[in-house]
Amino acid sequence: MDDQDRLSDRLRGSELEKLLARRRFIKTAAVGTVITAFGGGLWTIVDDLIATANAKPRDDGRPRVPPGQRVISALKPMGGAEGSPLRSKFKLKIHGEVENPFEVDFRGLLKLPQVTQKADVHCVTGWTVLDANWKGVRIKDLAEKAKLKKTARYAIIEAAHGYTANVPIREALKESCMVTYELDGDALAEAHGAPARGLIPDLYFWKSSKWITGIRFVKQDEPGYWETRGYHNRGNPWLEERYS
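Caption draft 1: Representation of the side chain of Asp 120 within the structure. Along the chain, Asp 120 falls in strand S4 (residues 115-122). In this structure the side chain of Asp 120 is engaged in a polar contact, spanning 2.5 Å, whose partner is the side chain of Arg 64. Looking at Asp 120, its side chain comes within polar contact range of the main-chain nitrogen of Asp 131, at 2.8 Å.

Here's what the structure looks like:
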């Protein structure tokens with residue numbers, strides 16, 4: 001049995017989580033030593049095996065990891081025009097094609113039905129994070145509170161400095177889509193959109209607007225910031241809809 005076979009055996013079952021945890025610890029505590037000792041080669045093998053071990057089909061039959069993606073252990077900060085990270089400054093406006101538009105501050109957001117759920121996310125740059133734990137409020141519940149009109153066809157996820165991302169209504173109202181403020185048990189980091197961001201896990205991650213300020217439901221499609229700059233209008237990772 002060669003080294004890669006031994007690693008494959010270790011990745012089965014609970015050993016996968018143990019290896020992921022150990023990797024996170026080593027990379028933060030002794031990155032220089034480990035990279036020098038292993039030359040980075042071991043991590044390449046581990047990443048490939050993790051991707052294989054986690055690539056079990058989804059309930060809808062699609063592979064867990066979309067084509068062209070590489071599994072990593074934590075979100076990468078991807079930049080963007082930052083909004084205020086202060087919860088005291090947070091306002092979320094639900095408006096557009098609704099009968100009962102409303103606005104909530106952060107305390108108001110916490111009074112709405114809360115959910116904690118796992119969701120994978122896929123960045124257009126090629127990385128995927130599996131089984132991230134998110135806490136927040138489902139967009140579906142926000143839409144129900146606002147009494148969404150049947151004329152709504154898209155949700156425009158609004159964010160700081162006028163950033164927007166367009167999401168078909170059938171995607172936005174999935175159980176997995178939410179306004180989230182916690183990741184893996186911790187408050188969302190400023191680099192990831194604190195105090196809250198959108199989460200649309202079945203589309204490329206740029207659709208999950210950071211520093212969210214509102215959700216506007218509309219009749220007609222309104223391509224957002226990246227969609228008007230060459231990115232694909234829909235952004236389905238399994239079809240590799242990266243660019244238009």
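That shown, we press on.
Caption draft 2: Summary view of the environment of Cys 177. Take Cys 177: it is sitting in the loop between helix H7 (169-172) and strand S8 (178-183). Note on Cys 177: relative accessible area 1%, which makes it buried. Not counting chain neighbours up to four residues away, the residues in contact with Cys 177 comprise Gln 117, Arg 138, Ile 139, Glu 171, Ala 172, Leu 199, Ile 200 and Pro 201.

Caption draft 3: The sheet that holds strand S7 (residues 164-168), seen in detail. Taken in spatial order, the 5 strands line up as S3-S2-S11-S6-S7 in an open sheet, and their pairing is mixed. One side of each edge strand has no neighbouring strand; the edge strands of this open sheet are strand S3 (102-105) and S7. When the angles between neighbouring strand axes are averaged without regard to direction, this sheet yields 15°. With 5 bridges joining them, strand S6 (residues 154-159) and S7 adopt antiparallel strand pairing. Each residue of the ladder has a partner; that of Glu 158, found in S7, is Thr 164. Each of strand S2 (91-96), S3, S6 and strand S11 (212-218) touches helix H6 (residues 139-146); the most contacted strand, S11, lies at about 60° to it.

Caption draft 4: Highlighting the nonpolar core. Leu 92, Leu 109, Leu 142, Ile 215 and Phe 217 are the most contacted members of the largest nonpolar core, which has 29 residues in total. Listed by contribution, the elements that provide at least two residues to this core are S2, S3, helix H5 (106-111), H6, S6, H7, S8 and S11. At 4 residues, the largest contribution of residues to this core is made by H6. Not counting the four nearest positions on each side in its chain, Leu 92 is found in contact with Phe 102, Glu 103, Val 104, Leu 109, Leu 142, Val 179, Ile 212, Thr 213 and Gly 214. Core analysis: the next-biggest nonpolar cluster, separate from the first, contains 16 residues, Leu 75, Ala 119, Trp 127 and Phe 205 among them.

Caption draft 5: Summary view of H6. Residues Ile 139, Leu 142, Ala 143 and Ala 146 constitute the buried set of H6. Taken end-on, H6 shows its buried residues confined to a sector of 100°, consistent with a single buried face. Of the residues one or two after H6, Lys 147 is the one with positive phi, at around 60°.

Caption draft 6: Layout of the layout of surface pockets. Put simply, the largest pocket is a space of about 520 Å³. Surrounding the largest pocket, 25 residues form its lining, Met 78, Gly 79, Tyr 163, Lys 210 and Trp 226 being those nearest its centre. Counted by class, the lining of the largest pocket contains 14 nonpolar, 8 polar and 3 charged residues. For the second largest pocket, the calculated volume is near 260 Å³.

Caption draft 7: Fine view of the pattern of salt bridges. Overall, the coordinates contain 15 salt bridges when judged by the stated rule. Here Asp 202 ties to Arg 62 by a salt bridge, and the two come within 3.7 Å at their closest N and O atoms. One end of the pair, Asp 202, is in the loop between strand S10 (197-199) and S11; the other, Arg 62, is in the loop between helix H4 (41-54) and strand S1 (70-72), with 140 residues separating them in the sequence. Assessed through its relative accessible area of 11%, Asp 202 is described here as buried. In this structure, Arg 138 and Glu 175 form a salt bridge, with 3.3 Å as the shortest nitrogen-oxygen distance. In this pair, Arg 138 sits in strand S5 (residues 127-138) while Glu 175 sits in the loop between H7 and S8, placing the two residues 37 residues apart along the sequence. On the accessibility criterion, Glu 175 (39% relative accessible area) is partly exposed. Within the structure, one salt-bridge network assembled from shared partners comprises Arg 58, Asp 60, Arg 62, Glu 171, Lys 174 and Asp 202.

Reading guide: rules and limits
- Residues numbered from 1 in each chain as written.
- Predicted model: local features only at pLDDT ≥ 70, side-chain atom pairs only at ≥ 80, totals over all residues.
- Heavy atoms only, no water.
- Helix = DSSP H or I, 4+ residues; strand = E, 2+ residues; numbered from the N terminus.
- Polar contact = N/O pair within 3.5 Å; in protein donor to acceptor, adjacent residues only side chain to side chain.
- Buried < 20%, exposed > 50% of the residue type's maximum accessible area, 1.4 Å probe, protein only.
- Contact = heavy atoms within 4.5 Å.
- Pairing = 2+ DSSP bridges.
- Axes fitted to C-alpha atoms, helices over the stretch in contact; angles between N-to-C directions.
- Core = buried A, V, L, I, M, F, W, Y, C linked by side-chain atoms within 4.5 Å.
- Arc of directions from axis to C-beta.
- 1 Å grid on protein atoms, 1.4 Å probe; cavity = no way out; pocket = protein on both sides within 12 Å on 5 of 7 lines; lining within 4 Å.
- Points joined across faces, edges and corners; volume = space filled by probe spheres on them.
- Nonpolar A, V, L, I, M, F, W, Y, C, P; charged D, E, K, R; others polar.
- Salt bridge = Lys/Arg side-chain N within 4 Å of Asp/Glu carboxyl O.

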